[in-house]
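# Secondary and tertiary structure notes
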Amino acid sequence: MSSDPNCVFCKIIEGKIPSRKVYEDDDLFGFHDIAPWAPVHFMLVPKKHIASMAQLTPEDSALMGKIMTLAPKLALEEGCRPYPDGGFRVVVNTGAEGGQEVHHLHVHVMGGPRPWLRG
């Protein structure tokens, strides 16, 4: 699996930087955001270093499908109320103009009672 020695998320995945883990399997790592915008705010990242959504290839389809089907399950486990009265938001920032700050693909999952700090 590819890794970038200068990437903060690669270092979190490798255990070199501590995090509050939400989920881990062979392909994905999930952890709480250090600056949450909402009562529930965690990220799902591929263990394979992919700089952004713009670098995805057809070979990454199963990985992204896994992230999108895992997000609702983890959102409920982390405290989001069920649909339709509850819910959550899924956000993928891509590139500078898309607000991406860490150049390792990551999917934000945010939810919980409003108002939120941001978003």
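Residues numbered from 1 in each chain as written. Predicted model: local features only at pLDDT ≥ 70, side-chain atom pairs only at ≥ 80, totals over all residues. Heavy atoms only, no water.

## As for the pairing of strand β3 (residues 40-46)
- For β3, the buried fraction is high: 7 of the 7 residues fall into the buried class.
- Every second residue of β3 is oriented toward a common face, with Val40, Phe42, Leu44 and Pro46 on one face and His41, Met43 and Val45 on the other, all of them buried.
- Sheet topology note: the strand β2 (residues 28-32)/β3 ladder contains 5 bridges and is antiparallel. For Gly30, the partnering residue across the bridge sits in β3 and is Leu44.
- Note that β3 and strand β5 (residues 107-111) share 5 bridges and pair antiparallel. The residue bridging Met43 from the neighbouring strand is His108, located in β5. (Buried < 20%, exposed > 50% of the residue type's maximum accessible area, 1.4 Å probe, protein only. Helix = DSSP H or I, 4+ residues; strand = E, 2+ residues; numbered from the N terminus. Pairing = 2+ DSSP bridges.)

## What about the UniProt feature "active site" (unreviewed entry) in the protein chain?
- The residues that UniProt annotates with the feature "active site" (unreviewed entry) are His106.
- When you line up the elements, His106 lands in the loop between β4 (88-91) and β5.
- In terms of polar contacts, His106 uses its side chain to reach the backbone carbonyl oxygen of His104, at 2.7 Å. (UniProt positions renumbered as here; feature names shortened; annotations may be inferred. Polar contact = N/O pair within 3.5 Å; in protein donor to acceptor, adjacent residues only side chain to side chain.)

## Some details on the pattern of salt bridges
- This model, assessed by the stated rule, comprises 7 salt bridges.
- Measuring nitrogen to oxygen at the nearest pair gives 2.9 Å for the salt bridge that ties Lys21 to Glu24.
- Relative accessible area serves as the criterion here: at 36%, Glu24 is assigned to the partly exposed category.
- When the shortest N-O distance is used, the salt bridge between Lys48 and Asp60 registers 3.0 Å. With Lys48 in the loop between β3 and α2 (61-77) and Asp60 in the loop between β3 and α2, the pair connects residues that are 12 residues apart, well separated along the chain.
- Owing to a relative accessible area of 6%, Asp60 belongs among the buried residues under this scheme.
- The network of salt bridges with common partners includes Lys21, Glu24 and Lys47. (Salt bridge = Lys/Arg side-chain N within 4 Å of Asp/Glu carboxyl O.)

## As for the sheet that holds β4
- With antiparallel pairing, the 5 strands of this open sheet are ordered in space as β1-β2-β3-β5-β4. At either margin of the open sheet sits one strand with a lone partner, and together these are β1 (21-24) and β4. Direction aside, the axes of adjacent strands within the sheet are offset by 15° on average.
- Of the strand pairs in this sheet, β1 and β2 are connected by 3 bridges, and their pairing is antiparallel. (Axes fitted to C-alpha atoms, helices over the stretch in contact; angles between N-to-C directions.)

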